[in-house]
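# Structural description and commentary
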Amino acid sequence: MFPEPSHDEIARYNFLANLNRHLATYLSPGNRVVYEARVRPAFRAVAGRDFRDRHEVRRAMLDDPFFQEWSALRRNAMEMRQQAGRSMVLRQIDALNARAQALNDNAGTLRLDPSLELPSYLAKVDHHCMPGSYHTELVPDDVSAAANYDSGLFVTTGGALGPMSDGGGRAVADFVRTTFPEFSPRRILDLGCGLGHNAVPLAQAFPDAVVVAVDTAAPMLRYGHARAKALGVENIVFVQANAERLDPAEFPDASFDWVQTTMFWHETSGTAMRRIFEEIHRLLAPGGLTLHVEQPQYDERMPLVEQMLRDWDAYYNNEPFWSAMHGIDVRGLMEDAGFRPDRMFDGYVRAKVDDEARNPASPTGATEDHGRAAAWYAFGAWKN
Amino acid sequence: MDGIDIRRAAGAKAKGKRPWFLADAQTERVMAVAMAVAQELAVTRERLDTVERLLADGQPVTAATIDAYRPDAAAMAERQRWHADFVARILRVFQQELEEVEQQGRELDTEALASQFAE
Ligand SMILES: C[S@@+](CC[C@H](N)C(=O)[O-])C[C@H]1O[C@@H](n2cnc3c(N)ncnc32)[C@H](O)[C@@H]1O
């Protein structure tokens, strides 16, 4: 399903991937340098105390010329990547939509709901500077938003997630298999599945299970379903629904063994998180597993400048819930939803990336780029 | 696709007030233009690289053979290195700005050096 890039479009992406890599490895560390060398001392001199939180740090850094330049370059790189991806996808939009339609072929495994209302945290935001975000349809049966997302993820992660951008999902599958060898899920639910980058590897790793992949955005689901078909993955169902309120007729109580989310929570809201954890608890069968891959929560031991840099996307790359989300007490939320603290766990899963299959553009050693790391934090709980 | 102005849609602005970081937003717009021009130069350079490789292989060079060319792993690695070097060249001034901060207080300007050596 991947859009076909022309010779020059590949060149444009090569430039952008290297630009992003340069910003991350050569220039981004400079923010810590200017922070220690001049921003922090200047603040101390005036305020007579150190910074109290990451927001104070951010406001002070906004006046620093180096932070300004790095931020201007980074924001601009995001916008250039959108233009490059959209021009490539839109010139072949008819062909892509036709290909998706042929693969989808009115299958019962793609269930769309045109009457679904978008929650405001999705309707109001064009996430990561993506015009129209995940859900906008430029023509009927459109998949262009997803095709653009798919092509661009590869560029912004520098290929660190593997050629299919599924390193996270493969790492999760591997982690669950090796850590809980007794666990053999029959029904797996992936909430906020997007185009299924990380749901498909679960379906592949557990071929006897059925994966139900839920998202609000029709273009992502159409593209995701077609992509799964093209990959020969049959045990996955794509459903358009709001994870906050899943219809009990279609999603009965205790009907799943495993509920997964991957890089999902930061694009929701505080109220939504509460509701979705309640839904997860309702949907899980006793003995079921819920697992969530996200960037790690901020804690007091993380230097403020570090927190501030991780917050960059929240304020300057249209991820408005990112900052608050990473300060939330997720254990408390899970407990409120009915999970027992002694059944909760957390740790790191590593993205499994095939080295030979890797595009040389990918960063060797997968250096961290605030939010795009190849080693992911995961937390979760068993029900009862 | 009928009815979509692709050129306009490709460059559409994302929702939300755009943050401007430099002291002067107009300077930042000039920076955006410069980076876009650099990007297009990189594209042209990659096309030229294709032409050179086709010629070296004794292949016909037409718009169609250039567009159809896909590098092998070795050629791809060379291209990536070229792009990395190219980006480092155009962003040199920021690297040096940082080095200056790192050497903070330990460097003398030319005036100071001149009077020191005059002694
Ligand atoms: C950053 S993407 C992550 C996609 C996918 N999990 C992955 O790992 O590639 C977040 C997705 O969550 C979806 N989403 C956000 N809020 C949702 C909700 N309340 N119900 C269903 N999907 C939601 C968005 O439409 C978007 O596709």
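These figures come from a predicted structure and were not determined experimentally.

### Side note on the overall build of chain A
- A tally of helices and strands in chain A yields 15 helices and 8 strands.
- Relative to a compact globule of 384 residues, whose C-alpha radius of gyration would be 21 Å, chain A shows 21 Å and is just as compact.
- Relative to its full complement of 384 residues, chain A shows a buried share of 62%.
- Summarising the internal contacts of chain A: among those between residues at least 6 apart in sequence, 82% fall at separations of at least 24.
- Within the structure as shown, chain A displays about 14300 Å² of accessible surface, and the carbon and sulfur contribution to it stands at 50%.

### Some points on the domain arrangement of chain A
All names here are of chain A.
- Here the domain parsing of chain A yields domain 1 (7-107 + 123-149) and domain 2 (159-382).
- Between domain 1 and domain 2, the C-alpha centre-to-centre distance is 21 Å.
- Across the domain 1/domain 2 interface, buried area totals approximately 3600 Å², and carbon plus sulfur atoms make up 61% of it.
- If you sort the residues of domain 1 by the area they bury against domain 2, Arg54, Arg58 and Arg74 come out on top, with a joint share of 19%.
- Between the two partners, domain 1 and domain 2, sit 5 salt bridges.
- Across the pair Asp141 and Arg222 runs a salt bridge, and its minimum N-O distance is 4.0 Å.
- Sorting the residues of the side of domain 1 that touches domain 2 by element identifies helix H1 (7-27), helix H2 (30-47), helix H3 (54-61), helix H4 (65-90), helix H5 (93-104) and helix H7 (144-156) as the ones contributing at least two each.
- Here the side of domain 1 that touches domain 2 gets 6 residues from one element, more than from any other, and that element is H4.

### Observations concerning the packing of H4(A) against helix H5 (residues 92-102) of chain B
- Interhelical geometry of H4(A) versus H5(B) gives an angle of 155 degrees and a closest axis separation of 11 Å. By the criterion of interaxial angle, the relationship of H4(A) to H5(B) is roughly antiparallel. Both H4(A) and H5(B) take part in a crossing whose hand is left-handed. Of H5(B), the residues touching H4(A) (which contributes Pro65(A), Phe66(A), Glu69(A) and Leu73(A)) are Phe94(B), Glu97(B) and Leu98(B).
- Residue composition of the contact of H4(A) with H5(B), by class: 5 nonpolar, no polar and 2 charged.

### Points about helix H8 (residues 167-179) of chain A
Residues and elements named next belong to chain A.
- Taking 1.5 Å per residue as the helical rise, H8 with its 13 residues ought to reach 18 Å, and the 18 Å between its terminal C-alpha atoms agrees with that figure.
- Turning to H8, its buried residues are Gly167, Gly168, Gly169, Ala171, Val172, Ala173 and Val176.
- Among the structural elements, helix H9 (200-205), strand S5 (256-262), strand S6 (284-294), strand S7 (344-350) and strand S8 (375-382) are those in contact with the buried residues of H8.

How each quantity is defined
- Residues numbered from 1 in each chain as written.
- Chains lettered and ligands numbered in written order.
- Predicted model: local features only at pLDDT ≥ 70, side-chain atom pairs only at ≥ 80, totals over all residues.
- Heavy atoms only, no water.
- Helix = DSSP H or I, 4+ residues; strand = E, 2+ residues; numbered from the N terminus.
- Rg over C-alpha atoms; globule rule 2.2 N^0.38 Å.
- Buried < 20%, exposed > 50% of the residue type's maximum accessible area, 1.4 Å probe, protein only.
- Contact = heavy atoms within 4.5 Å.
- Areas by Shrake-Rupley, 256 points an atom, 1.4 Å probe, with all protein chains shown as cover.
- Domains from an automatic or database assignment.
- Buried area = accessible area lost by both parts, 1.4 Å probe.
- Salt bridge = Lys/Arg side-chain N within 4 Å of Asp/Glu carboxyl O.
- Axes fitted to C-alpha atoms, helices over the stretch in contact; angles between N-to-C directions.
- Parallel < 35°, antiparallel > 145°, perpendicular 65-115°, else oblique.
- Left-handed = near helix turned anticlockwise from the far one by under 90°.
- Nonpolar A, V, L, I, M, F, W, Y, C, P; charged D, E, K, R; others polar.
- Expected span 1.5 Å × (residues − 1).

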